[in-house]
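Descriptive structure summary
The residues making up each chain are set out below.
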Amino acid sequence: MYTRQQTEYGWIRIAVFLCLCNWAFAQLSYTISEEVDKGTVVGNIAKDLNIIVQELSNRDLRVVSSYSKKYFDVNVRTGSIFVEDRIDREELCPNVVKCSIKVQAVLNNPMSAYRIEVHVLDINDNSPAFIEETFSLNISESSLTGERYLLPIAVDADIGSNSVKSYKLSQNNHFSLDLQSGEHGASAELVLQKALDREKQPVITLVLTAIDGGKPPKSGSLQIHVNVLDVNDNIPIFSKSLYKVRLPENTARGTLVMKLNATDLDEGMNSQILYTLIKRGNTDPSNMFDLNSETGEITVKGTLDYEETAAYEVGVQATDQGFSPRSSHAKILIEIIDVNDNAPELSVTSLMTHVKEDAELGTIVALVTVSDKDGGKNALTNCRVVGSVPFKLKSNYKNDYSLVVDGPLDRENTSIYNVTITATDEGSPPLSSIRVITVHVSDVNDNAPRFMQPVIHVFVKENCPVGDNIYKVNAFDPDLDRNSKLTYKLLNSSPKNILSSSMININSETGDIVTLQSFNHEELKTFQFKVQATDSGVPPLSSNVTVNVLVLDENDNSPTILLPYSEHGSVNSESIPYSAEAGHFVAKIRAVDADSGYNALLSYHLSEPKGNNLFRIGTSTGEIRTKRRMSDNDLKTHPLVVLVSDNGEPSLSATVSIDVVVVESAADIQTQFRHVPPKEDSFSVLNLYLLIAIVSVSVIFLLSLVSLIAVRCHRTDGSFSRYSAPMITTHPDGSWSYSKSTQQYDVCFSSDTLKSDVVVYPAPYPPVDGELISINGGDTFTRTQTLPNKDMVSC
């Protein structure tokens with residue numbers, strides 16, 4: 001027995017070697033016997049594919065198939081493929097000579113698939129069996145020696161050498177057994193060796209034993225009852241012992257197959273023949289064919305299908321009508337011709353439920369197997385992907401394909417692909433099948449957050465409460481889920497070392513920008529910072545936006561009276577001669593306002609005494625002059641209260657009191673000045689220094705003003721290049737108005753010959769619109785101003 005096992009394993013090794021030689025470039029082929037124990041090693045995939053064993057675990061080696069059972073699995077530590085479930089060849093491949101199990105070995109990184117075909121060898125695990133429990137045979141006593149009688153055949157689920165190979169008849173005096181072997185198995189005929197004598201033995205009981213070719217052999221038996229009949233000594237004879245017929249599988253029911261012809265040399269009832277179909281084993285020809293018992297015509301009864309049965313072997317019997325009927329038999333071999341009546345079948349095994357949008361070209365998405373039940377040319381198929389999609393079919397082996405990525409994927413454009421695969425055979429006419437595979441594209445973080453605009457301008461009023469929301473930045477990301485979840489943070493980019501993080505804060509989730517301090521336009525007019533939006537992908541992507549914050553001026557500063565009239569509690573007085581003409585210069589009030597623009601534009605008015613008709617004051621210059629000549633009815637002392645008001649909303653003001661004393665002559669005015677402590681020299685060194693300083697400051701200011709105008713006019717576009725250009729306006733009284741969106745000044749030169757002043761009014765910083773204030777010759781002013789849209793201003 002040990003020698004037999006060695007021989008059997010030797011043949012297995014030879015078979016494996018031959019398979020590997022034939023298919024080394026296409027597939028792996030192994031051979032294994034059925035009913036082997038679970039865990040039995042079939043072969044080593046790593047060795048046969050020349051793959052390093054250590055890579056199997058990293059590449060996630062696995063075995064996939066379309067069977068309902070998982071017959072094989074693989075050990076990733078050794079690369080060995082082993083039996084996972086019971087393999088019953090008779091269940092897996094009934095009535096098929098060659099039986100194999102086809103599976104796929106799949107590796108990742110990179111993904112590749114290999115076809116594995118495991119041939120299943122038959123073992124002798126089934127005994128022969130007869131369909132009938134008993135068999136009765138009627139034989140006339142006048143039968144001649146040598147007559148033959150067809151006996152039932154035994155059925156064995158095994159194949160090849162393990163199928164039925166011989167029959168044995170029990171010991172008797174009248175019959176012997178004639179064995180017949182053919183491509184469809186062994187059969188036996190009962191041969192009459194000695195004449196029968198009904199009077200001596202009317203019934204003969206025999207035992208027919210069927211023996212298979214297994215080692216050890218197995219057997220099954222059938223009891224035969226031979227009924228000895230009396231005198232009908234001629235048997236029907238067929239014109240042929242074997243008939244051959246060819247029929248296409250689309251033959252309609254009722255179509256005539258052939259007509260049998262048998263003759264009997266007897267006369268009368270003994271020569272009248274009836275035809276019957278013989279049921280042999282588990283095949284009943286009456287399911288597919290009808291036989292007219294009287295005429296011998298055979299017609300199609302069932303549906304002929306080449307894919308189910310390619311040929312039928314039909315046994316027929318002719319029996320005469322004698323008192324002791326005699327019969328003979330013949331065989332009909334009906335070959336079915338294939339027609340193209342089966343469309344190809346597509347079987348899909350998905351390997352990836354979702355494909356990443358950055359998947360490399362050649363990534364395997366699914367395995368596709370095409371099969372066609374037809375034969376010959378009708379079974380040849382062509383498979384392709386229909387339409388323009390970034391996928392293609394890659395042939396693995398014969399009718400096995402891999403659906404692979406063939407182009408770039410972009411989930412933001414297309415998240416789902418319905419890939420249509422069509423398989424067409426080469427029959428006439430050709431038949432085809434369509435299968436739609438849904439491929440979902442999963443998201444990767446390939447899009448950075450985007451802002452709607454590269455620069456954001458935010459307008460904030462000064463004195464805005466701490467914690468106010470001044471703006472909300474918003475970015476969007478076309479990715480999905482965590483890849484589109486954004487967080488915001490500040491990036492300081494302000495000049496002059498200003499830390500934006502100390503002035504404002506941003507909500508990392510909502511993008512709301514809130515103030516951490518109150519702004520003062522007089523200290524800080526503008527600052528800049530950047531906001532960075534970052535998604536939550538891996539790796540995270542980000543983008544920046546520049547935010548310009550412009551602090552708008554509020555009228556929060558009152559005018560301030562300048563020297564010599566600004567000392568608190570001091571008595572201010574001026575003297576004029578009685579002979580002064582109308583328009584005589586009395587005094588000039590100077591004041592400044594820390595605010596900007598319109599809030600810093602001052603106007604002067606005499607508030608007391610009301611209805612004064614002797615003095616007037618320049619609304620814009622602050623010069624007090626006489627309106628007419630003096631009269632005897634006028635007072636000698638005139639207390640005046642000057643009100644200095646800005647033009648803000650609401651307006652703020654300051655007052656100064658001046659007593660104007662009327663003297664008889666200009667000499668009296670000089671007398672009053674002499675009350676001041678006398679000086680030795682009317683023009684001291686200190687006065688010289690003051691004069692030089694005033695001239696220097698004036699020259700520097702004028703040069704700076706001209707340079708500023710020149711630079712502003714020729715300035716290239718920058719971060720604030722869209723603002724309006726400066727404007728210079730001259731007026732009849734000699735004053736200038738200088739305006740620019742970022743800075744504005746009013747420069748006023750007095751036309752008075754006694755005193756000359758330069759007054760500069762700083763203007764606010766409106767980012768979009770400028771403000772131009774011009775002073776007319778009649779001491780009146782006009783203002784042209786366009787403020788930012790209220791929707792753009794916070795607080």
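Because the structure is a prediction, the values reported are computed rather than measured.

Broken down by element type, the protein chain carries 6 helices and 58 strands. Here the protein chain holds 795 residues, and the buried ones make up 42% of them. Pairs at least 24 apart in sequence give 65% of the contacts found in the protein chain among residues at least 6 apart.

Residue placement: Glu 84 occurs in the loop between strand 5 (80–83) and helix 4 (89–92). Sequence spacing of Glu 84 and Phe 72 is 12 residues, and the spatial spacing of their C-alpha atoms is 4.7 Å. Discounting residues that sit within four places of it in the chain, Glu 84 has contacts with Lys 38, Lys 70, Tyr 71, Phe 72 and Asp 73.

Okay, the pairing of strand 16 (residues 219–229) next. Burial along strand 16 is one-sided: Gly 220, Leu 222, Ile 224, Val 226 and Val 228 are buried, and none of Ser 219, Ser 221, Gln 223, His 225, Asn 227 and Leu 229, which face the opposite way, are. By the bridge criterion, 7 bridges tie strand 9 (residues 134–140) to strand 16 in an arrangement that is parallel. Looking at strand 16, one finds that Ser 140 is bridged to Leu 229. Relative to strand 16, strand 15 (residues 203–212) runs antiparallel, the two being bridged by 9 bridges. Counterpart to Ile 211 in the pairing with strand 16 is Ser 219. Remark: 6 residues form the turn of the hairpin made by strand 15 and strand 16, two consecutive strands paired antiparallel.

The subject of this paragraph is the sheet that holds strand 5. Read across the open sheet, the 3 strands follow the order 2-5-4; overall the sheet is antiparallel. Since the sheet does not close on itself, it has two edges, and those belong to strand 2 (41–44) and strand 4 (72–75), each with one partner. For this sheet, the mean inter-axis angle between neighbouring strands, taken without regard to orientation, is 25°. The sheet contact formed by strand 4 and strand 5 spans 4 bridges and is antiparallel. Residue pairing across strands places Asp 73 opposite Phe 82, the latter belonging to strand 5.

Evaluated as defined, the whole model comprises 2 cavities of 30 Å³ or more. Approximately 40 Å³ is the volume attributed to the largest cavity. Lining the largest cavity are Val 63, Val 64, Ser 65, Lys 70, Tyr 71, Phe 72 and Val 103. Considering only residue class, the lining of the largest cavity consists of 5 nonpolar, 1 polar and 1 charged.

On to the packing of aromatic side chains, then. Applying the stated criterion across every chain yields a total of 7 aromatic pairs. Both rings, one in Phe 289 and one in Tyr 312, keep their centres 5.5 Å apart while their planes meet at 85°; by these two values the pair is edge-to-face. Of this pair, Phe 289 sits in strand 22 (residues 289–291) while Tyr 312 is found in strand 24 (residues 311–320), placing the two residues 23 residues apart along the sequence. The exposure class of Tyr 312 is buried, given its relative accessible area of 14%. Between the aromatic rings of Phe 519 and Phe 527, the centroid separation amounts to 5.6 Å while the plane-to-plane angle is 35°, which identifies the pairing as tilted. Residue Phe 519 is classed as buried on the basis of its relative accessible area of 1%. Its relative accessible area of 2% is what places Phe 527 among the buried residues. An aromatic cluster is present here, built from Phe 519, Phe 527 and Phe 529 joined pairwise through their rings.

Of all 10 residues in strand 50 (residues 637–646), 7 are buried, a share of seventy percent or more. Two strands pair when backbone bridges link them, and strand 47 (residues 602–608) and strand 50 are joined in this way by 6 bridges, in the antiparallel orientation. Within strand 50, the position partnered with Leu 602 by the bridge is Asp 646. In this sheet, strand 51 (residues 653–663) lies alongside strand 50 in antiparallel orientation, the contact comprising 9 bridges. Counted as the bridge partner of Thr 637 is Val 661 from strand 51. Once strand 50 ends, the chain turns through 6 residues before running back antiparallel as strand 51.

A few words on the sheet that holds strand 14 (residues 185–192). In space, the 3 strands of this open sheet follow the order 10-14-13, with antiparallel pairing throughout. Edge positions in the open sheet fall to strand 10 (148–150) and strand 13 (175–182), since each of these has one partner strand only. Across the sheet, the mean angle from the axis of one strand to that of its neighbour is 35°, orientation sign disregarded.

Right, let's get into the nonpolar core. In terms of nonpolar packing, the biggest core is built from 26 residues, with Tyr 30, Val 42, Ile 45, Phe 72, Ile 81 and Ile 116 touching the most fellow members. At the level of secondary structure, the elements contributing two or more residues to this core comprise strand 1 (27–33), helix 2 (45–48), strand 4, strand 5, strand 6 (100–107) and strand 7 (112–121). Residue contributions to this core peak at 4 residues, all from strand 6.

Summed over all chains, the structure comprises 19 salt bridges. Ionic pairing is found between Asp 406 and Lys 392, a salt bridge with its closest N-O pair at 3.9 Å. Highlighted residues: Asp 406 in the loop between strand 31 (400–405) and strand 32 (416–425) and Lys 392 in strand 30 (residues 391–397), separated in sequence by 14 residues. Residue classification places Lys 392 among the partly exposed positions, given a relative accessible area of 38%. Note that Arg 629 and Glu 581 form a salt bridge whose closest N and O atoms lie 2.3 Å from each other. A residue pair is termed long-range when its members are at least 10 positions apart, and Arg 629 in the loop between strand 49 (623–626) and strand 50 and Glu 581 in the loop between strand 44 (572–577) and strand 45 (585–588) qualify at 48 residues. Residue class for Glu 581 comes out partly exposed when judged on its relative accessible area of 46%. Within the structure, one salt-bridge network assembled from shared partners comprises Glu 35, Arg 86 and Asp 88.

What follows is about the state of the cysteines. Evaluated as defined, the whole model comprises 1 disulfide. One disulfide in the model links Cys 93 with Cys 99; its S-S distance is 2.0 Å. Because the torsion about its S-S bond is 60°, the bridge between Cys 93 and Cys 99 counts as right-handed. The class of Cys 99 is buried, set by a relative accessible area of 3%.

In this chain, Asn 109 is followed by Pro 110 through a cis amide linkage whose omega measures -5°. Along the polypeptide, Pro 110 turns up in the loop between strand 6 and strand 7. With an omega dihedral of -5°, the bond running from Glu 649 to Pro 650 counts as a cis peptide bond. One non-glycine residue, Asn 50, adopts positive backbone phi at about 60°. Residue Asn 50 is classed as exposed on the basis of its relative accessible area of 71%. One non-glycine residue, Asp 60, adopts positive backbone phi at about 55°. Tracing the chain through its elements places Asp 60 in the loop between helix 3 (53–58) and strand 3 (62–64). The partly exposed category is assigned to Asp 60, whose relative accessible area is 39%.

A cluster of nonpolar residues, Leu 691, Val 695, Val 699 and Leu 703, forms a patch on the protein surface that exposes about 350 Å² of accessible area. Mapped onto the elements, Leu 691 comes out in helix 6 (residues 685–713). Leu 691 gets classed as partly exposed once you look at its relative accessible area, which sits at 44%.

Another aspect to go through is the confidence of the model for the protein chain. Interpretation of this model should avoid reading the predicted coordinates in detail wherever pLDDT is low. Model confidence for the protein chain is summarised by a mean pLDDT of 79, while 81% of its residues fall at 70 or above. Helix 1 (residues 2–23) is the least confidently modelled element of the protein chain, averaging 38 in pLDDT, while strand 23 (residues 297–300) averages 94, the highest of any element. Low pLDDT, under 50, characterises residues 1–26; the predicted model gives this stretch 19 contacts beyond four residues in sequence or across chains. Confidence drops under pLDDT 50 across residues 670–682; counting only partners more than four residues distant or on other chains, this segment forms 4 contacts.

Rules used throughout
Residues numbered from 1 in each chain as written. Predicted model: local features only at pLDDT ≥ 70, side-chain atom pairs only at ≥ 80, totals over all residues. Heavy atoms only, no water. Helix = DSSP H or I, 4+ residues; strand = E, 2+ residues; numbered from the N terminus. Buried < 20%, exposed > 50% of the residue type's maximum accessible area, 1.4 Å probe, protein only. Contact = heavy atoms within 4.5 Å. Pairing = 2+ DSSP bridges. Axes fitted to C-alpha atoms, helices over the stretch in contact; angles between N-to-C directions. 1 Å grid on protein atoms, 1.4 Å probe; cavity = no way out; pocket = protein on both sides within 12 Å on 5 of 7 lines; lining within 4 Å. Points joined across faces, edges and corners; volume = space filled by probe spheres on them. Nonpolar A, V, L, I, M, F, W, Y, C, P; charged D, E, K, R; others polar. Phe/Tyr/Trp six-rings, centres within 6.5 Å; stacked < 30°, edge-to-face > 60°. Core = buried A, V, L, I, M, F, W, Y, C linked by side-chain atoms within 4.5 Å. Salt bridge = Lys/Arg side-chain N within 4 Å of Asp/Glu carboxyl O. Disulfide = S-S within 2.5 Å. Patch = residues over 30% accessible without salt bridge, like charges linked within 9 Å, V, L, I, M, F, W, Y side chains within 5 Å. Areas by Shrake-Rupley, 256 points an atom, 1.4 Å probe, with all protein chains shown as cover. pLDDT = per-residue confidence, 0-100.

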